[in-house]
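# Report on the structure
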Amino acid sequence: MDIICITFLHSEGHGIDFYVLGLQISGLGTLIAGINFLVTIINMRTPGMTYMRMPLFTWSTFVVSALILFAFPPLTVGLVLMMFDRMFGSNFFDVAAGGNTIIWEHLFWIFGHPEVYILILPAFGIFSEIFATFSRKRLFGYSSMVFATVLIGFLGFMVWAHHMFTTGLGPIANAIFAVATMAIAVPTGIKIFNWIFTMWGGSVKFTVPMLYAVAFIPSFTMGGVTGIMNASAPADYQFHDSYFVVAHFHYVIVGGVVLGLLAGITFYWPKMFGTMLSEKLGKVTFWTFLIGFHLTFFIQHFLGLMGMPRRVFTFLDNQGLNTGNMISTVGAFLMAFAVIVMVINIIMTSAKNEKVGNDPWGDGRTLEWAIPSPPPFYNFKQLPLVRGLDPYWVEKMEGKKEMTPAEPLGDIHMPNSSILPLTISFGLFVAAFGALYNMDDKTWTLPIIIVGLLITFVSMLIRSVKDDHGFHIHKEDLMDDKDKGGKA
Amino acid sequence: MQADERFTDATWPASPEKATLEGKNKYLGFWLFLGGETVLFASLFATYLALKDKVPNGDAALAKDLFELPLTFVATMLLLTSSLTSVYAMYHMKNNHFKQMQAWLVITVALGFAFLGLEIYEFNHYVHEFHHTFTSSAFGSAFYTLVGFHGAHVAFGLVWIISLMVRNARRGLNLYNAPKFYVASLYWHFIDVVWVFIFTVVYLMGMVG
Ligand SMILES: [Cu+2]
């Protein structure tokens, strides 16, 4: 018995190391991107763009970037501890040497719970834009929407131990984390009602993005309701590690994030690539995906309550689980079909290449719809003057076709392109490759790690000591391509 | 305002680190980065406190056996003083006194190296006198990870400040490199603040029990 325990104490092979190193490097990229978004939003808003006039998508990006900044470092530390244990023989999680595995659970979930808000808040932002655009009405309760987004971001850090109810932290800790978790239902509920009231009395146009948005409300709410069920610590002892939890988080992630991604891709496709996806094929994707999604995951609630455990990819015959799993499989194929139709849609649209104008949906409210599709690399020739929430809509309502410029036409300062970010990450790739095989006394791994880190640090040094002042697009050149749009 | 323009004492702005948009962005971005670093060190401190004195058997050295006040007190004084000298350097940066700034940065770096030397001596001492190593116990792993992460930050900061000094030695200050010096000094202060916590949580609390 002892021998079995020892051999199964840690995962064999390189799989875990691959995930540790991969997450570490991509986590670094996420952190730096988060800082970049924060600084851009705080320092570089156009004249008149006050915080309370920012689009909800920008607000949710802002809050998400703050979450990234504070949530990723605990993951970094957790991964470092595991990496040290596996590669350099430290004892953080080795109980025989005084280690403690609960540290991993805490560090992972202090990251893990904010991470689910890092996923969902941008989707909330996208849906907020879509509801306002296709209800042709200002977003209901804009300021309460901002408040709710910030509050969700804040509370997101207070609830991590609801993933650890069965760890044995005790009734007081469980009660506090249960109540804190349920409190998040309040700001989320505010958002749901605001979206419904945005549609109320609007002249609603059921385009494909709007269909996703409308379907998102009941789908996501179902995931929210099972979330409250999971948050009840005593009930969670039943749900824990069962398919009920799998059903819950797929309802919020697929019913929220994935629907948000599909909606956002369809909504912003013309802005990104200058062509409009087919609405007809889009509707096929929408309906097959929605039906497939509910078919796949609804039944899993019951599979979980019937006792099917999570994290097991097979189950025994004659346990009464076969039919439910068959239904799930059928649903998964429907979703796959939906995505294939979407890919066909994209290929056909790109092949036809029918270019569209600035505001292809006809009801654009925010600044991006005031510039050409796709936008020129400098975005606005002249910074636009923002005179209210939904600035482009404000101008349209006054009978204007374009934004009022906030500055005279002048040279635009742009950053230079640089190969260095690529070499910095290439060095990390080389170092991680060496670290991945740094076990069983191999001699070639250490030099590889050192060479990789040298590439990274030397690239950083060059980035620091080489002056890079960027370049200017000259006023005269901007005036030349007037035909390319450039309505400021 | 051109970033590489030459300035006289009269035209040099009061806050040269924030005089350009580029500088403002660096300044804010770096403050935010330090926010993330704070959480990183908080996680390491939490791990250390959870694993303090957690050893496999009764022979292993505990915190109260290891730490000695004189050594860590000297190390603390070295690092605190280096923070003060970096403030003097930034004072001269804001007054466009490049030579004085470089001089104070040289002192800062020298104090940093002295600190790092003491730390290496200290680790060596624990390993050879007490057999307290990275792999000997969970306590050892947590101690060397927390204090070592800080030491690695000090080493990175030294390389950073030296490369800035060497790079700009012949051209003096302008609005392009002033934010770079300022941000490096922010980092240096941050390292110092972390050390104050390490001195308190690891060494002082380790010695009293
Ligand atoms: Cu959670």
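Residues numbered from 1 in each chain as written. Chains lettered and ligands numbered in written order. Predicted model: local features only at pLDDT ≥ 70, side-chain atom pairs only at ≥ 80, totals over all residues. Heavy atoms only, no water.

### A look at the overall build of chain A
Here is the rule: Numbered from the N terminus, helices here are DSSP runs of H or I no shorter than four residues, and strands are runs of E no shorter than two. For this measure, only C-alpha atoms enter the radius of gyration; the expected value for a globule follows 2.2 Å times N^0.38, where N is the number of residues. Three exposure classes are used, based on accessible area relative to the maximum for each residue type with a 1.4 Å probe and protein chains only: buried under 20%, partly exposed in between, and exposed over 50%. Residue contacts are defined here by distance: any two heavy atoms, one from each residue, within 4.5 Å place the two residues in contact. Per-residue accessibility takes into account occlusion by the displayed protein chains alone, with areas from the Shrake-Rupley method and a 1.4 Å probe. His is not counted here, nor are the chain ends, while Lys and Arg score as positive and Asp and Glu score as negative. Working definition for charges: the position is that of NZ of Lys, CZ of Arg, CG of Asp or CD of Glu.
The number of helices and strands found in chain A is 16 helices and two strands. In terms of overall size, chain A behaves like a compact globule, its C-alpha atoms giving a radius of gyration of 26 Å where 488 residues would be expected to give roughly 23 Å. Across its three principal axes, chain A shows a C-alpha extent of roughly 80 × 60 × 45 Å. Looking at chain A residue by residue over its 488 residues, the buried ones come to 46%. Across chain A, the fraction of contacts at a sequence separation of at least 24, relative to all contacts at a separation of at least 6, is 79%. If you sum the accessible surface of chain A, you get close to 23700 Å²; carbon and sulfur atoms cover 72% of it. When the 28 basic and 31 acidic side-chain charges of chain A are each reduced to a single mean position, those positions are 13 Å apart.

### Looking at the nonpolar core
We count it as follows: Take the buried Ala, Val, Leu, Ile, Met, Phe, Trp, Tyr and Cys residues and link them wherever side-chain atoms come within 4.5 Å; each set so joined is a nonpolar core.
Trp195 of chain A together with Phe67, Phe143, Trp195, Ile198 and Tyr203 of chain B are the most contacted members of the largest nonpolar core, which has 160 residues in total. The element best represented in this core is helix 3 (residues 56–88) of chain A, accounting for 19 residues. In this view, tryptophan 195 of chain A contacts Phe124, Phe127, Ser128, Phe131, Leu139, Met145, Phe216 and Ile217 of chain A; residues no more than four positions away in its chain are not counted.

### As for the packing of aromatic side chains
The line we're drawing: To pair, rings of Phe, Tyr and Trp, with the six-membered ring standing in for Trp, must have centres within 6.5 Å; the planes then decide the type, stacked if under 30 degrees apart, edge-to-face if over 60, and tilted in the middle. Criterion for a charge above a ring: Arg CZ or Lys NZ at most 6 Å from the ring centre, at most 35 degrees from the ring normal.
Here the structure, examined in full by the defined rule, presents 62 aromatic pairs over all chains. Taking 5.8 Å as the distance between ring centres and 65 degrees as the angle between the ring planes, the aromatic pair formed by phenylalanine 84 of chain A and phenylalanine 88 of chain A counts as edge-to-face. Taken together, the residues phenylalanine 84 of chain A and phenylalanine 88 of chain A, both in helix 3 and four residues apart, mark about one turn of the helix. Assessed through its relative accessible area of 40%, phenylalanine 88 of chain A is described here as partly exposed. Note on tyrosine 48 of chain B and phenylalanine 139 of chain B: the rings are 6.2 Å apart at their centroids and 45 degrees apart in plane angle, and the pair reads as tilted. Taken together, the residues span a long stretch of sequence, with tyrosine 48 of chain B in helix 1 (residues 21–51) and phenylalanine 139 of chain B in helix 5 (residues 138–168) at a distance of 91 residues. Note on phenylalanine 139 of chain B: relative accessible area 0%, which makes it buried. Each residue in the set Phe67, Phe115, Phe123, Tyr126, Phe143, Tyr144, Trp195 and Tyr203 of chain B is aromatic and connected to the rest through ring pairs, giving one cluster. Here lysine 26 of chain B stacks its cationic end above the ring of tyrosine 176 of chain B, 5.6 Å away from the centre of that ring.

### Brief notes about the layout of surface pockets
The probe, sized like a water molecule, is rolled over the atoms to show the empty space still left. All names here are of chain A. Quick reminder of the rule: Grid spacing is 1 Å over the protein atoms alone, the probe is 1.4 Å, and a cavity is where that probe fits but cannot get out, while a pocket is an open set with protein on both sides within 12 Å along at least five of seven lines and lining residues have an atom within 4 Å of a point. Grid points are joined across faces, edges and corners, and a volume is the space filled by probe spheres set on the points. For this classification, Asp, Glu, Lys and Arg are treated as charged, while Ala, Val, Leu, Ile, Met, Phe, Trp, Tyr, Cys and Pro are nonpolar and the rest, including Gly, are polar. An automatic or database domain assignment supplies the residue ranges for each domain.
Considering only enclosed or pocket space, the second largest pocket measures out at about 1300 Å³ in volume. Contributing to the lining of the second largest pocket are 45 residues, with His113, Val116, His162, His163 and His248 lying nearest its centre. Those elements that provide at least two residues to the lining of the second largest pocket are helix 4 (102–135), helix 7 (185–199), helix 8 (208–231) and helix 10 (243–273). It is helix 4 that provides the largest number of residues to the lining of the second largest pocket, a total of 13 residues. Counted by class, the lining of the second largest pocket contains 23 nonpolar, 16 polar and six charged residues. Per-domain counts for the lining of the second largest pocket show at least three residues from each of domain 1 (1–205) and domain 2 (219–355).

### Looking at the confidence of the model for chain A
All names here are of chain A. We apply this condition: Known as pLDDT, the predictor's per-residue confidence is scaled from 0 to 100.
Averaged over every residue, the pLDDT of chain A is 92; residues scoring 70 or more account for 96%. Helix 10 holds the highest mean pLDDT among the elements of chain A, 97, whereas helix 1 (residues 2–7) holds the lowest, 40. Below a pLDDT of 50 lies the segment residues 1–8, which in the model reaches one contact outside its immediate sequence neighbourhood of four places, other chains included. Below a pLDDT of 50 lies the segment residues 483–488, which in the model reaches 15 contacts outside its immediate sequence neighbourhood of four places, other chains included.

### A word on the pattern of salt bridges
All names here are of chain A. Note the following rule: Any Lys or Arg side-chain nitrogen found within 4 Å of a carboxyl oxygen on Asp or Glu counts as a salt bridge.
If you walk through the whole model with that rule in mind, you get 15 salt bridges over all chains. For the salt bridge of aspartate 390 with arginine 365, the shortest nitrogen-to-oxygen distance reads 2.7 Å. Highlighted residues: aspartate 390 in the loop between helix 12 (322–352) and helix 13 (391–397) and arginine 365 in the loop between helix 12 and helix 13, separated in sequence by 25 residues. Of the two residues, aspartate 390 and arginine 365, neither departs from the other in class, the shared state being buried. For arginine 387, the salt bridge identified is with glutamate 398, shortest N-O distance 2.9 Å. Of this pair, arginine 387 sits in the loop between helix 12 and helix 13 while glutamate 398 sits in the loop between helix 13 and strand 1 (412–414), placing them 11 residues apart in sequence. Connected through salt bridges with shared partners, the residues Arg387, Glu395, Glu398 and Lys400 form a single ionic network.

### Details of empty space enclosed by the protein
Residues and elements named next belong to chain A. A full pass over the atoms with the stated rule returns two cavities of 30 Å³ or more. The leading source of residues in the lining of the largest cavity is helix 4, at three residues. In terms of residue class, the lining of the largest cavity is built from seven nonpolar, two polar and three charged. Computed from the structure, the second largest cavity encloses a volume of approximately 60 Å³. Every residue lining the second largest cavity is listed: Val208, Tyr212, Thr266, Leu277, Ser278, Gly282, Thr285, Met342 and Asn345. Going through the elements one at a time, helix 8, helix 11 (279–305) and helix 12 are the ones with two or more residues in the lining of the second largest cavity.

### What about the environment of phenylalanine 293 of chain A?
Turning to its location among the elements, phenylalanine 293 of chain A is positioned in helix 11. Along the primary structure phenylalanine 293 of chain A and lysine 352 of chain A are separated by 59 residues, whereas in three dimensions their C-alpha atoms are 31 Å apart.

### Let's talk about the domain arrangement of chain A
Taken as a whole, chain A is organised into domain 1 (1–205), domain 2 (219–355) and domain 3 (416–469). Between the C-alpha centres of domain 2 of chain A and domain 3 of chain A the distance comes to 39 Å.

### Points about the environment of leucine 121 of chain A
All names here are of chain A. Considering the arrangement of structural elements, one finds leucine 121 in helix 4. By relative accessible area, which is 0% here, leucine 121 ends up buried. Residues leucine 121 and valine 150, 29 residues apart in the sequence, show an inter-C-alpha distance of 10.0 Å. Excluding anything up to four places from it in sequence, leucine 121 contacts Ser60, Val63, Val64, Leu67, Thr149 and Ile152.

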